[in-house]
Amino acid sequence: MPLGLLWLGLTLLGALQTQAQASTPNLIPAPPLLKVPLQRDFQDDQFQGKWYVVGLAGNAVSKKDQDEFKMYSTTYQLKEDQSYNVTSILFRNQLCDYFTRTFVPSFQPGQFSLDNIKAYPGVQSYSVRVAATNYNQFAMVFFKKVFKNEEFFKITLYGRTKELTPELKEDFVRFAKSLGLTDDHILFLVPIDKCIDE
């Protein structure tokens, strides 16, 4: 009898494990922040202003969702304490959707964390790192979030305009792949006019 109960228990445990694995996508592990490049001599005043999200790559991004992603804009407004008010404008459900948060500087110029993290239930940490930028044309920014004990990361290719050169797009693809992502995790967003030019 005890052996039968043991087998039943093990069978149930196996079924629960299979169910748990099916509900959690197989995420590519997030790289440690130290493995992500950081823009040398970061100039916070030059980085501020409006950026268009031209490219997006991440361990929770998939080409099959391409149609759901439309180009959006993000504006970095530098405050006196060297933090940024960051406002993204997205066109969703036929409406302009505004999303604002504050990025506070870290111990290294060009690296930030999310301010008031308790206001975001389930988020345990959130880091932002400007990997590369020339300030007037493009930027590649790395984001890493721990949400309910899972690590998510993404890279955005920002442009001051809605179109970037093929060379910059190729650099973005190389950068994303250097962090373990595949072609299936890299999207280029179609330019739109609604909302994002405000």
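- In the annotation of an unreviewed UniProt entry, the chain is listed under the name Lipocalin 2 and assigned to Rousettus aegyptiacus.
- Entered under Sequence similarities (unreviewed entry) in the UniProt record, the comment concerning the chain runs "Belongs to the calycin superfamily. Lipocalin family."

## Brief notes about the overall build of the chain
Then step 1. Helix and strand counts for the chain come out as three helices and nine strands.
Then step 2. For the chain, buried positions account for 39% of its 198 residues.
Then step 3. A separation of at least 24 residues holds for 57% of the contacts in the chain among residues at least 6 apart in sequence.
Then step 4. For the chain, the exposed surface amounts to about 11500 Å²; the carbon and sulfur share of it is 56%.

## Some remarks on the environment of Asn136
Then step 1. Positionally, Asn136 belongs in the loop between strand E6 (123-133) and strand E7 (138-147).
Then step 2. Take Asn136: its relative accessible area is 60%, and that puts it in the exposed class.
Then step 3. In this structure the C-alpha to C-alpha distance between Asn136 and Thr161, which are 25 residues apart in sequence, comes to 9.4 Å.

## Observations concerning the nonpolar core
Then step 1. Within the largest apolar cluster, 54 residues are counted, with the highest numbers of intra-cluster contacts made by Phe47, Tyr76, Phe103, Ile155 and Tyr158.
Then step 2. When contributions to this core are tallied by element, the ones reaching two or more residues are strand E1 (49-58), strand E3 (84-92), strand E5 (111-114), E6, E7, strand E8 (150-159), helix H3 (166-178) and strand E9 (186-188).
Then step 3. Ignoring any residue separated from it by four or fewer positions in sequence, one finds Ile155 in contact with Gly55, Leu56, Ala57, Val141, Phe142, Phe172, Phe175, Ala176, Leu179 and Leu181.

## Comments concerning the pairing of strand E4 (residues 95-105)
Then step 1. Here nine bridges tie E3 to E4, and the two strands are oriented antiparallel to one another. Residue pairing across strands places Ser88 opposite Phe99, the latter belonging to E4.
Then step 2. Following E3, the chain reverses through two residues before pairing antiparallel with E4; Asn93 in that reversal takes a positive phi of roughly 50 degrees.
Then step 3. The pairing of E4 with E5 spans three bridges and is classified as antiparallel. Paired with Pro105 across the strands is Phe112, a residue of E5.
Then step 4. The hairpin turn running from E4 into E5, its antiparallel successor, is five residues long, and Gly110 in that turn takes a positive phi close to 95 degrees.

## Some thoughts on the pattern of salt bridges
Then step 1. Under the defined criterion, the tally for this structure stands at six salt bridges.
Then step 2. One salt bridge in this structure joins Asp193 and Lys162, with 3.1 Å as the shortest N-O distance. With Asp193 in the segment after E9 and Lys162 in the loop between E8 and H3, this pair connects stretches of sequence that are 31 residues apart.
Then step 3. Between Asp183 and Lys177 there is a salt bridge; the shortest N-O distance is 2.9 Å.
Then step 4. Judged by relative accessible area, Lys177 falls into the partly exposed class, the value being 39%.
Then step 5. Through salt bridges with shared partners, one network takes in Lys162, Asp193 and Asp197.

## Topic: unusual backbone geometry
Then step 1. The backbone phi angle of Asn93 is positive, close to 50 degrees, even though this residue is not glycine.
Then step 2. Among the structural elements, Asn93 can be located in the loop between E3 and E4.
Then step 3. Phi at Asn116 is positive, roughly 55 degrees, even though this residue is not glycine.
Then step 4. Here Asn116 lies in the loop between E5 and E6.

Analysis parameters
Residues numbered from 1 in each chain as written. Predicted model: local features only at pLDDT ≥ 70, side-chain atom pairs only at ≥ 80, totals over all residues. Heavy atoms only, no water. UniProt positions renumbered as here; feature names shortened; annotations may be inferred. Helix = DSSP H or I, 4+ residues; strand = E, 2+ residues; numbered from the N terminus. Buried < 20%, exposed > 50% of the residue type's maximum accessible area, 1.4 Å probe, protein only. Contact = heavy atoms within 4.5 Å. Areas by Shrake-Rupley, 256 points an atom, 1.4 Å probe, with all protein chains shown as cover. Core = buried A, V, L, I, M, F, W, Y, C linked by side-chain atoms within 4.5 Å. Pairing = 2+ DSSP bridges. Salt bridge = Lys/Arg side-chain N within 4 Å of Asp/Glu carboxyl O.

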